[in-house]
Every structure is written in structure tokens, then in C-alpha cells.
Amino acid sequence: MELTEQVGSWASCFRRKVGAVIVREKRVMTTGYNGAPAGISSCVERGECLREKMNIPSGTRAELCYACHAEQNAIIQAARYGVNINGATLYCTHQPCVICAKMIINAGIKRVIYKEGYPDEFSMKLFEEAKTEVEKYQEE
């Protein structure tokens, strides 16, 4: 989980620093953090958060944001570089949202371990139905 937090520290988001690490057979396959797509100015570069400006509550209207989520970026990196993540485990600083849950399920990721909660119960219902293992990380 320490690595996910380090990766999350690279995020270009004012609201939340999220990191994701996809692991398969005890090897790091890809990483991702929340930030604007290539060639798009981030909120940090713009000097304002679009979601705060529009007063959008956390856990809603995820499409109204310049950033891609950490989980999305980790999956995209796997696709871009031809890395097989089928059957992998995704470690994340925060519980995935419903959009990320759909991508995680379709990418064949079989297990998700997250540290912090996120107000999106629907994502957890999808994981349950898809039989994706989900655990909240417990510090030892």
C-alpha cells in the first residue's frame, strides 16, 4: 500500500491524491495516479478545480473532471504497453468508483484492495455481482 500512496503523491488533483498499482504474480505490472490526460491542462495548471467551481459533491458526476482516475490510468497503461493484467490484483489508495469498477471487471482484474472509502455503493454491488474480491486494507 505504501507504493500506491507514493504513486498517488504524483497526482495533479486538488481534492484527492489517488494512486493505483496493478500486481500479478507478485510483480508490479503498471501504476496510475489521478491526473489530466496527455495534452490536457490539469486543475493544478489551471489554478482551480472544476468540480469545486461547479460545487459537485464527491462520489457524483465523475465525468465532470479533467482528470482520469488512478485505476483508469493503470489499466490504460497496461493496454498501451501490452501488459497482461488478466487475473491481477489492483491496490488502490481509495475504493474505486462505479466507472472504474466497470473497467476493472472488464480488464479481468480479480481482486481489489483499497485503503480509504469512497461514497459509491453501486461500485461495490457491481464487484459483488462480478465476483471480484474486494477488501479494505488493514494496517498491521
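This text follows the structure it describes.
Below or above, wherever it landed, is the structure these notes cover. Source: prediction; values computed, not measured.

### With respect to the pattern of salt bridges
Item 1. Overall, the coordinates contain six salt bridges when judged by the stated rule.
Item 2. Its salt-bridge partner being E25, residue R24 comes within 3.9 Å of it at the nearest N-O pair.
Item 3. Its relative accessible area of 22% is what places R24 among the partly exposed residues.
Item 4. Between E63 and R61 there is a salt bridge, with the nearest N and O atoms lying 2.8 Å from each other.
Item 5. Taken together, the salt bridges that share partners define one network made up of E5, K115 and E139.

### What about helix α6 (residues 121-130)?
Item 1. When α6 is considered as a whole, its buried residues turn out to be S123, L126 and F127. Here the buried residues of α6 occupy an arc of 100° about the axis, which is enough to place them on one side. The exposed set on the far side of α6, more than 90 degrees from its buried face, consists of E121, K125, E128 and E129.
Item 2. For α6, the elements touching its buried residues are α5 (98-106), β4 (111-116) and β5 (133-136).
Item 3. Sitting at the head of α6, D120 places a side-chain oxygen 3.3 Å from the backbone nitrogen of F122.
Item 4. Downstream of α6 by one or two residues, K131 has phi in the positive range, about 65°.

### Observations concerning the packing of helix α4 (residues 70-81) against α5
Item 1. Close contact between α4 and α5 brings their axes to 9 Å; oriented N to C, the two are set at 25°. Put simply, α4 runs roughly parallel to α5. The two elements α4 and α5 cross, and the hand of that crossing is left-handed. In contact with E71, Q72 and I75 of α4, α5 contributes I99, C100, M103 and I104.
Item 2. Tallied by class, residues from the contact of α4 with α5 come to five nonpolar, one polar and one charged.

### Topic: the sheet that holds strand β2 (residues 27-33)
Item 1. Across the sheet, which stays open at both edges, the five strands sit in the order β2-β1-β3-β4-β5 with mixed pairing between neighbours. Bordering the open sheet on either side are β2 and β5, each of which pairs with just one other strand. Geometrically, the sheet is characterised by an average inter-axis angle of 20° between neighbouring strands, direction not taken into account.
Item 2. With five bridges connecting them, strand β3 (residues 89-94) and β4 associate as parallel partners. From the neighbouring strand, H94 faces β4, where its bridge partner is E116.
Item 3. Set on the sheet, α4 makes contact with β1 (19-24), β2 and β3; between it and β2 the angle comes to about 130°.

So, how was this worked out
- Residues numbered from 1 in each chain as written.
- Predicted model: local features only at pLDDT ≥ 70, side-chain atom pairs only at ≥ 80, totals over all residues.
- Heavy atoms only, no water.
- Salt bridge = Lys/Arg side-chain N within 4 Å of Asp/Glu carboxyl O.
- Buried < 20%, exposed > 50% of the residue type's maximum accessible area, 1.4 Å probe, protein only.
- Helix = DSSP H or I, 4+ residues; strand = E, 2+ residues; numbered from the N terminus.
- Arc of directions from axis to C-beta.
- Contact = heavy atoms within 4.5 Å.
- Polar contact = N/O pair within 3.5 Å; in protein donor to acceptor, adjacent residues only side chain to side chain.
- Axes fitted to C-alpha atoms, helices over the stretch in contact; angles between N-to-C directions.
- Parallel < 35°, antiparallel > 145°, perpendicular 65-115°, else oblique.
- Left-handed = near helix turned anticlockwise from the far one by under 90°.
- Nonpolar A, V, L, I, M, F, W, Y, C, P; charged D, E, K, R; others polar.
- Pairing = 2+ DSSP bridges.

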